[in-house]
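Now for the letters of each chain:
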Amino acid sequence: MAGGGCSCCVQLYGFLFEYDTPRIVLIKSRKVGLMNRLVQLCILAYVIGWVFVWEKGYQEFDSVVSSVTTKVKGIAVTNTSDLGVRIWDVADYIIPAQAENAFFVITNLILTQNQTQSRCPELPDKKTICKSNDDCKKDFAGTHSNGIQTGNCVPYNRDVSTCEVYTWCPVENDTFLPEPAVLKDAENFTVLVKNNIWYPKFGFTKRNILPNITADYLKNCQYSRTADPFCPIFRLGQVVKDSQQDFQEMAIQGGVMAIQINWDCDLDRRAANCVPKYTFRRLDNRESDHNVSPGYNFRFAKYYKDASGQESRTLIKAYGIRFDVLVFGTAGKFDIIPTMINIGSGLALFGVATVLCDIIVLYFMKKKNYYREKKYKYVDDYELGSSESYGTGS
Amino acid sequence: MAGGGCSCCVQLYGFLFEYDTPRIVLIKSRKVGLMNRLVQLCILAYVIGWVFVWEKGYQEFDSVVSSVTTKVKGIAVTNTSDLGVRIWDVADYIIPAQAENAFFVITNLILTQNQTQSRCPELPDKKTICKSNDDCKKDFAGTHSNGIQTGNCVPYNRDVSTCEVYTWCPVENDTFLPEPAVLKDAENFTVLVKNNIWYPKFGFTKRNILPNITADYLKNCQYSRTADPFCPIFRLGQVVKDSQQDFQEMAIQGGVMAIQINWDCDLDRRAANCVPKYTFRRLDNRESDHNVSPGYNFRFAKYYKDASGQESRTLIKAYGIRFDVLVFGTAGKFDIIPTMINIGSGLALFGVATVLCDIIVLYFMKKKNYYREKKYKYVDDYELGSSESYGTGS
Amino acid sequence: MAGGGCSCCVQLYGFLFEYDTPRIVLIKSRKVGLMNRLVQLCILAYVIGWVFVWEKGYQEFDSVVSSVTTKVKGIAVTNTSDLGVRIWDVADYIIPAQAENAFFVITNLILTQNQTQSRCPELPDKKTICKSNDDCKKDFAGTHSNGIQTGNCVPYNRDVSTCEVYTWCPVENDTFLPEPAVLKDAENFTVLVKNNIWYPKFGFTKRNILPNITADYLKNCQYSRTADPFCPIFRLGQVVKDSQQDFQEMAIQGGVMAIQINWDCDLDRRAANCVPKYTFRRLDNRESDHNVSPGYNFRFAKYYKDASGQESRTLIKAYGIRFDVLVFGTAGKFDIIPTMINIGSGLALFGVATVLCDIIVLYFMKKKNYYREKKYKYVDDYELGSSESYGTGS
């Protein structure tokens, strides 16, 4: 029957020209047949419905690569005892002038003008109040010191004396924070957020200024969750309000806000359907029970030189709101690999239907012994004198 | 034959010491046998070829963690009516002095010198031109205002009068942008980009200054896509040119460029094969049809104090190019988990070969009834008087 | 036997009400039975143990979205010939005043005071030393030039003459770097790192200031790998030391450090178990063999105006350590999709047990021919005169 004379060739001949397929018992039973199809239907519904339709198992995914630029507009008027009436514009209240994915708006501040490197009394607190020079240690500087102690005890005001320090004098007094916030007008500032995204795997780019947005619309629009969900201009007060916070309260001690841009896209559909979704969230904690180190502030200085070359500075402790623009998202597009993997997995699950029905048929049905006898052929290891011969099949 | 006396033990004995394997029909047919092997070969080729070789299904993947520092070099000469001849060095044109993954180079600017907090006429436009004080509203400040209106109407120049505002005076006039760009020499600036990457899952780190780059080479090299693809020093003009843009045109209004560093690595191969790949792309939009809010610019100020303590500032509206260094990439390394998952999926797909051949054999071949009779054993639910008895097998 | 009269209905009837299950040979053999169960046990152990317990195959994963703010504390005293005794506070040594995920601390610097736009001799090097005006080229500016040559050769000091340039004069001389570093006290500065993370898929947020941290603890604690692993206040010297570097050596030329925060979380467990893990790493290279362009520095300037309106600046070449806060991590939570996919894959692997045992039984056992005869039914394509008839089954 076979080809070559060698045993290897016989095997290869068999391997190539023989086809093996499992032998099947076909049980004509309405109950079991229907049950089997029902279980298969469930698995099919799961594989197609959930994996493919809901979770888009036929797609490959990619994470977003993003670039953000921001531009704040607005002016604020302040009237403080230090500075008198003063107008603040964008060059005054945005520090630093530009950042990558964030911008910081000063809302409150403590100014210490005309500081020079010299000697002056420390701010009074437990460790710095002194009675005599013996209480002060020359060249000492603690973690919270403003400078290096000279070893002298000098009067801070009429009531208390404190250790003298060498540092930028006079030292900053940040005991009392202006309330309401100095730049409370910041609530009405607006910011234009330009965001360019890229999905490198799919070579897909898009801007948050959508193609149908005109220059005219952009001059006058303002983001609103319902009315103008695609306008990229945000009123700062609205951003804070949309995250269930109070701007004026937040303005006093500062804080960190997130402007989240979600770019989840299904690239099998039209590119025009891929649009940004804006949400807002407060990032620093305001829970009263463990409110350690609240708000957000930092110090910076402006340096001046007088005619004699003597340097002085204005120290600014700036409280304000940092807006982090967090861009995230996933794009999916049809790809053959995940499709095949999910189909393979789904086919394997189909086997479960047979296993389940077998258990029911062979263990729980009345005629289980009858079915078992049809499905199984018992072969005893020890029974060697078999009545069956090769070739006849059986 | 079995062990214990209890029914449970019999079952356990059967479970442990019986081996069940499907019964197979071996059909000796050249046609069907070859077809079956062909389908199996295709699936094997797909699983090995595509999933394992092409998509590296045997690897686990990790995303890059990156740190970037940049250093720009170059000087520019400008000659403007405001400033006369002036040399600009890196401390003048890089704002801020350093950023994390980006750097900004001023290419064009509008200077407004000696601004002080005082009163002056607004820039003339539709809303600010006035005939008399009645046209101006005291304490009013619109979105595009430069300050707070005092309520007076004052002459802006010989021809027009505008509402007077209290603000930093004189107000900036950004109607006309210098053309060509003031710092057009920026085209020849160079930037050294240092990039350190890390794949945390694999504990793999690498720098873009490759081990074989010498200090001498680094002093003189300049990136070129073909000649020096690993030199980390880029001429700004070349970066813009490589992304099909015109530097001098871009310099006028500013823009945002991406220097993309791709670190896709196969860590099963030698680490020396893991090298950065640089590409360049313009991130802001220049399409003429919806060219809203083009370019990139921001304002900052330098603050001065005169002898009397009066503060003044120089306001700079800086147009320029922000270069974002976008680092991305995926590293893969052999891992047992995805390998087994893909093998499991591949095996499940093997079952498809049998299903496919069965369909052909049982439905489309001439001798289909003959094969069907060999494969299937029909058992009728209602036929209870079976001629077969237990144990004989069949 | 069947329902309707049409052939289609017969097929549908058959499809719905017939149940097919493979016919099985049950071989009663201790050896093969045990082996089969052992292989199945291994696969089960692998699927459950490794995929589900170790790799958490039943979970869906998400990457972290993070926001970082930092606050440095500490003062430094310097005593240089240029500046005399001088106190440096946070507004002096942190440049820029705030960044998103990083902060830069000046540790060493080269000051060039009172620079004005004027003419002065270049720094002497190979290209700038001259004998006469003929050696200098008017309007020339090389890559490393400080300005534009005027064409004159002027004495730099008693010994050498160099080409005169028009630039900010006098030019900076960065040949000798102060050693030890000017702000060597920076080792004792501390930084409070506030980090807010978010897993968008699971709506899970957490701060690195854990709920059980009190304000009192936060005032006095300092991070230590063993004693205080959750204190978010780091001594800069300790950060550098923990990454096996020497702070004083690093302070001279500067460098880049990473403060890595790992937020790997199992969200099926209690949220309190999700805590940050801090590690530290040096990002710039210090290998002596290819130490090109070492350390980290940049230039910035402070601008002044004298009474006559003449602008001057102080140029600062700042060497220092940039601390990048790199936040990464993955959170996992139970999800039905990956669970089913892994179960499907595991089931497919179960088929391997049967294949393996079949190979052993049919090819390597003594009674292989006996088993083969039981498992297979040979059907010859050419043998048409079959002794079997339809319907009887076999």
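The model shown is predicted, which means the values in this text are computed figures rather than measured ones. (Residues numbered from 1 in each chain as written. Chains lettered and ligands numbered in written order. Predicted model: local features only at pLDDT ≥ 70, side-chain atom pairs only at ≥ 80, totals over all residues. Heavy atoms only, no water.)

Notes on the overall build of chain A
1) Next: Counting its secondary structure elements, chain A contains 8 helices and 19 strands.
2) Next: Taking 394 residues into account, the globule formula puts the C-alpha radius of gyration at 21 Å, and chain A, at 39 Å, lies well above it.
3) Next: With respect to the three principal axes, the spread of C-alpha positions in chain A is 120 × 65 × 55 Å.
4) Next: Counting across all 394 residues of chain A, residues that qualify as buried make up 53%.
5) Next: Sequence-distant contacts, at least 24 apart, represent 68% of the contacts inside chain A between residues at least 6 apart.
6) Next: For chain A, the accessible area works out to roughly 18,500 Å², and carbon and sulfur atoms hold 55% of it.
7) Next: Computed over 45 positive and 42 negative side-chain charges, the inter-centroid distance for chain A is 7 Å. (Helix = DSSP H or I, 4+ residues; strand = E, 2+ residues; numbered from the N terminus. Rg over C-alpha atoms; globule rule 2.2 N^0.38 Å. Buried < 20%, exposed > 50% of the residue type's maximum accessible area, 1.4 Å probe, protein only. Contact = heavy atoms within 4.5 Å. Areas by Shrake-Rupley, 256 points an atom, 1.4 Å probe, with all protein chains shown as cover. Lys, Arg positive; Asp, Glu negative; His and termini not counted. Charge placed at Lys NZ, Arg CZ, Asp CG, Glu CD.)

Comments concerning the pairing of strand S8 (residues 148-155) of chain A
All names here are of chain A.
1) Next: The buried fraction of S8 amounts to 6 of the 8 residues, a majority that puts the element mostly inside the structure.
2) Next: The sheet contact formed by S8 and strand S9 (residues 161-169) spans 5 bridges and is antiparallel. Opposite Gln149, over in S9, you have Val165 as the bridge partner.
3) Next: In sequence, S8 turns back onto S9 through a hairpin of 5 residues. (Pairing = 2+ DSSP bridges.)

Some words on the relation of the copies chain C and chain A
1) Next: For the pair chain C and chain A, the best superposition has an RMSD of 0.1 Å and corresponds to a rotation of 120° with a translation of 0.0 Å parallel to the axis. Expressed as a symmetry operation, the mapping of one chain copy onto the other fits a three-fold axis. (Least-squares fit on C-alpha atoms with pLDDT ≥ 70 in both.)

Details of the packing of helix H2 (residues 30-54) of chain A against helix H1 (residues 7-17) of chain C
1) Next: Taken N-terminus to C-terminus, the directions of H2(A) and H1(C) make an angle of 85°; their axes are 6 Å apart at the nearest point. Taken together, the axes of H2(A) and H1(C) are roughly perpendicular relative to one another. Contact residues: A:Arg30, A:Gly33, A:Leu34 and A:Arg37 in H2(A); C:Tyr13, C:Phe15, C:Leu16 and C:Phe17 in H1(C).
2) Next: Split by residue class, the contact of H2(A) with H1(C) holds 5 nonpolar, 1 polar and 2 charged. (Axes fitted to C-alpha atoms, helices over the stretch in contact; angles between N-to-C directions. Parallel < 35°, antiparallel > 145°, perpendicular 65-115°, else oblique. Nonpolar A, V, L, I, M, F, W, Y, C, P; charged D, E, K, R; others polar.)

A short note on the interface of chain C and chain B
Bring the parts together and some accessible area is lost; that lost area is often taken as the interface size.
1) Next: Counting residues at the interface gives 89 residues for chain C and 78 residues for chain B.
2) Next: Interface area for chain C against chain B, summed over the two sides, is near 7,700 Å², with a carbon-plus-sulfur share of 56%.
3) Next: Where chain C packs against chain B, one counts 4 salt bridges.
4) Next: Our count for the contact surface shared by chain C and chain B stands at 22 residue pairs in polar contact (both at pLDDT 80 or more). (Buried area = accessible area lost by both parts, 1.4 Å probe. Salt bridge = Lys/Arg side-chain N within 4 Å of Asp/Glu carboxyl O. Polar contact = N/O pair within 3.5 Å; in protein donor to acceptor, adjacent residues only side chain to side chain.)

Here we look at the sheet that holds strand S14 (residues 265-266) of chain C
1) Next: Ordered by their spatial adjacency, 3 strands build an open sheet running S3-S18-S14 (chain C), and the pairing between neighbours is mixed. The sheet is open, and its two borders are formed by strand S3 (59-63) and S14 of chain C, each paired with just one other strand.

A closer look at the sheet that holds strand S14 (residues 265-266) of chain B
Residue and element names in this part refer to chain B.
1) Next: Taken together, the 3 strands give an open sheet; going across it, the order is S3-S18-S14, and neighbouring strands pair in mixed fashion. Lying at the two open borders of the sheet, with one neighbouring strand each, are strand S3 (59-63) and S14.
2) Next: Pairing between S3 and strand S18 (residues 330-334): 5 bridges, direction antiparallel. Looking across to S18, one finds that Asp62 is bridged to Ala331.

Topic: the interface of chain C and chain A
1) Next: Counting from both sides, the interface comprises 76 residues of chain C and, opposite them, 89 residues of chain A.
2) Next: Interface area, chain C with chain A, both sides summed: about 7,800 Å², of which 56% is carbon and sulfur.
3) Next: The three residues of chain C that bury the most area against chain A are C:Tyr19, C:Arg23 and C:Gln98, which together make up 11% of that side's buried surface.
4) Next: For the pair chain C and chain A, the interface holds 4 salt bridges.
5) Next: Here A:Glu311 and C:Arg86 are joined by a salt bridge, their closest N and O atoms 3.0 Å apart.
6) Next: Summed over the shared surface of chain C and chain A, the number is 22 residue pairs in polar contact (both at pLDDT 80 or more).
7) Next: If one sorts the elements of the side of chain C that touches chain A by residue count, helix H7 (residues 336-364) of chain C sits on top with 8 residues.
8) Next: Across the side of chain C that touches chain A, the residue classes break down as 39 nonpolar, 16 polar and 21 charged.
9) Next: Across 5 bridges, the pairing between strand S2 (residues 24-28) of chain A and strand S1 (residues 18-22) of chain C is antiparallel. Pairing of A:Val25 across the sheet is with C:Thr21, part of S1(C).

Focus on the UniProt feature "glycosylation site" (unreviewed entry) in chain A
1) Next: UniProt records the feature "glycosylation site" (unreviewed entry) for A:Asn188 in the present numbering.
2) Next: Structurally, the position occupied by A:Asn188 is in the loop between S9 and strand S10 (190-199). (UniProt positions renumbered as here; feature names shortened; annotations may be inferred.)

Points about the packing of aromatic side chains
1) Next: As enumerated under the stated definition, the model contains 42 aromatic pairs over all chains in all.
2) Next: Relative to B:Tyr278, the ring of B:Phe234 lies with its centre 5.0 Å away and its plane at 70°, an arrangement referred to as edge-to-face. Of this pair, B:Phe234 sits in strand S12 (residues 233-235) while B:Tyr278 sits in strand S15 (residues 277-282); the two residues are 44 residues apart in sequence, bridging distant segments of the chain. This pair shows no difference in class: B:Phe234 is buried, exactly as B:Tyr278 is.
3) Next: Centre to centre, the rings of C:Trp168 and C:Tyr303 are 6.2 Å apart; their planes meet at 65°, and the pair counts as edge-to-face. Residue C:Trp168 is located in strand S9 (residues 161-169), and its partner C:Tyr303 is located in strand S16 (residues 297-305); the two are separated by 135 residues in the primary sequence. For the pair formed by C:Trp168 and C:Tyr303, the shared burial category is buried.
4) Next: Put simply, the rings of A:Phe104, A:Tyr296, A:Phe298 and A:Phe300 touch in pairs and so form one group of aromatic residues.
5) Next: A cation sits over an aromatic face here: A:Arg86 above A:Trp88, 5.2 Å from the ring centre. (Phe/Tyr/Trp six-rings, centres within 6.5 Å; stacked < 30°, edge-to-face > 60°. Lys NZ or Arg CZ within 6 Å of the ring centre and 35° of its normal.)

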